[in-house]
Amino acid sequence: MTTADNELDRREAAFHRWAPYFLLGLGSLLAAATAELLTPWTGQRVAAAVLVVAALAIQLWWSWSGRLHRGPNAVSVTYFVVRWAIASALTVLNGFFSFYVVAGYFDTDETIPGRRRKRLALFACTIPVAMAQTGGVPFHSGTGWLVFLGLLIANNLLLTVMKHFADQQEARSEARATTIAELEQAHKENAALQAQLLVQAREAGIADERRRLAAEIHDTIAQGLTGIIAQLQVVANTSDPATIQDHVGRASDLARHSLGEARRSVQNLAPAGLSYDGLPEALRKTVDQWSERTGVPAEFTLTGTAQHLHGEFAATILRITQEALANVSKHAAATRVGVTLSFMDSEVTVDIRDDGKGFDPLALPARSGTGGFGLEGMRARAERIAGSLTVEAEPGFGTAVSARVPLVLHA
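Residues numbered from 1 in each chain as written. Predicted model: local features only at pLDDT ≥ 70, side-chain atom pairs only at ≥ 80, totals over all residues. Heavy atoms only, no water.

A.B. asks: Just to check I follow, could you spell out the packing of helix α3 (residues 42–65) against helix α4 (residues 74–93) for this structure?
C.D. replies: Where α3 meets α4, the closest approach of the two axes is 10 Å, and the angle between their N-to-C directions is 160 degrees. In terms of orientation, α3 lies roughly antiparallel with respect to α4. Judged by the twist between their axes, the crossing of α3 over α4 is left-handed. Residues Gln44, Ala47, Ala48, Leu51, Val52, Ala54, Ala55, Ile58, Gln59, Trp61 and Trp62 of α3 form the contact with α4, whose participating residues are Val75, Ser76, Tyr79, Val82, Arg83, Ile86, Ala89, Leu90 and Leu93. Across the contact of α3 with α4, the residue classes tally to 16 nonpolar, three polar and one charged. (Axes fitted to C-alpha atoms, helices over the stretch in contact; angles between N-to-C directions. Helix = DSSP H or I, 4+ residues; strand = E, 2+ residues; numbered from the N terminus. Parallel < 35°, antiparallel > 145°, perpendicular 65-115°, else oblique. Left-handed = near helix turned anticlockwise from the far one by under 90°. Contact = heavy atoms within 4.5 Å. Nonpolar A, V, L, I, M, F, W, Y, C, P; charged D, E, K, R; others polar.)

Right under this line is the structure:
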């Protein structure tokens, strides 16, 4: 229950407690002001005074004992009946005491049990009210009785309509309270489900991190060792000292570069090329180094306005490019390669094209234990950051690999 609901309940309880006193005081004040006109005889005034004192006494008793005997029960019914009898007798003496009778309209639900009994109690309260509206009893003509009956019916119709709307409002309030309780329960269940999902996401993240590290190790150590082996094979097949020195130097450079990459990958940092350069410059250096190492002419092209990408997105594009170039050197037998980095309104693309022997994308062999991560690894990298990878290839007509990732800028 909210603070506003608690405050509303407190005010309602205060109203039910003090309303009878106010209505009794108002009726007494108006009766005293009209005593000479409505109660001219001394006996009537004494009777009214005695009944007012009795009414005040029963109100004080109920204020004290009502907390101990919360209704509806036999005690509350007794209180209601006695109060009605006193209020009716006062109304007979002076019609302004009908204000005190109205107190029964407000606390019937708290004092009278049963739906039919509540209606009967409300009907009983309308009798002295209608009597006061007709100027009191006895009626000296049939017209007086007809007016009394008409007012009695009118009062009950009005009271019935008001009670109907009040019941509907209460039903809506109860329905809202039930809905709120159900929402709170659903919120608790959602919190438990969210905690479970967080555990599952954490476990999935661990598995994804393992795959990422495997891919990183493949990109650094495996590709570096492949390049080193290629350089050493050249050394093994030549006796020219200059050639040997050149290729041994390249092998040493590759070993140092791969060692640095491996250390950075384990530390979950971006590729070494992105430590000091932006993505366009890092790609340009990667393409130039690959071309120098393989002897295959390669050209890098930048389109659009370069922007500072988020580290994970820049690293993904660089790794995909490195893997694609590694595949070209191992499988394509290409004579020319082109790499294009494009910045667009909402995405970044990198295209790696070669004029090699190509292949049939639908007839790829199953991945072996000694092979690289290949196309599936590149596709997994792109999809991990809500990107995509497409491959266009045909035997004898080269290959085009295109990766698209969202344009997420560095914070």
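A.B. asks: What should I look at first to understand a negative patch on the surface in this one?
C.D. replies: There is a patch of like negative charges on the surface, built from Asp9, Glu12, Glu110, Glu170 and Glu174. Note that glutamate 170 resides in helix α8 (residues 142–236). Note on glutamate 170: relative accessible area 41%, which makes it partly exposed. (Patch = residues over 30% accessible without salt bridge, like charges linked within 9 Å, V, L, I, M, F, W, Y side chains within 5 Å. Areas by Shrake-Rupley, 256 points an atom, 1.4 Å probe, with all protein chains shown as cover. Salt bridge = Lys/Arg side-chain N within 4 Å of Asp/Glu carboxyl O. Lys, Arg positive; Asp, Glu negative; His and termini not counted. Charge placed at Lys NZ, Arg CZ, Asp CG, Glu CD. Buried < 20%, exposed > 50% of the residue type's maximum accessible area, 1.4 Å probe, protein only.)

A.B. asks: What is the right way to read a nonpolar patch on the surface from this model?
C.D. replies: There is a patch of nonpolar side chains on the surface, built from Leu37, Leu38, Phe96 and Phe99 and spanning about 360 Å² of accessible area. Here phenylalanine 99 lies in helix α5 (residues 98–101).

A.B. asks: What's the story with the pairing of strand β5 (residues 399–406) in this structure? I'm lost.
C.D. replies: Consecutive side chains of a regular strand alternate in pointing toward one face of the sheet and then the other. Pairing of strand β3 (residues 347–354) with β5, which is carried by eight bridges, proceeds in the antiparallel orientation. Bridge pairing in β5 places glutamate 347 opposite proline 406. Of the pairings in the sheet, the one linking strand β4 (residues 388–393) to β5 comprises six bridges and is antiparallel in character. For valine 391, the partnering residue across the bridge sits in β5 and is valine 401. (Pairing = 2+ DSSP bridges.)

A.B. asks: Whenever I open this one, the pattern of salt bridges confuses me. Can you help?
C.D. replies: Side chains that differ in sign of charge can pair as their charged atoms come close. One pass over the structure, following the stated rule, counts five salt bridges. Put simply, arginine 250 and aspartate 246 hold a salt bridge, and the shortest N to O gap is 3.5 Å. Taken as a pair, arginine 250 and aspartate 246 lie in helix α9 (residues 241–266) at a separation of four residues, close to a single helical turn. Arginine 404 is paired through a salt bridge with glutamate 347; the nearest N and O atoms lie 2.4 Å apart.

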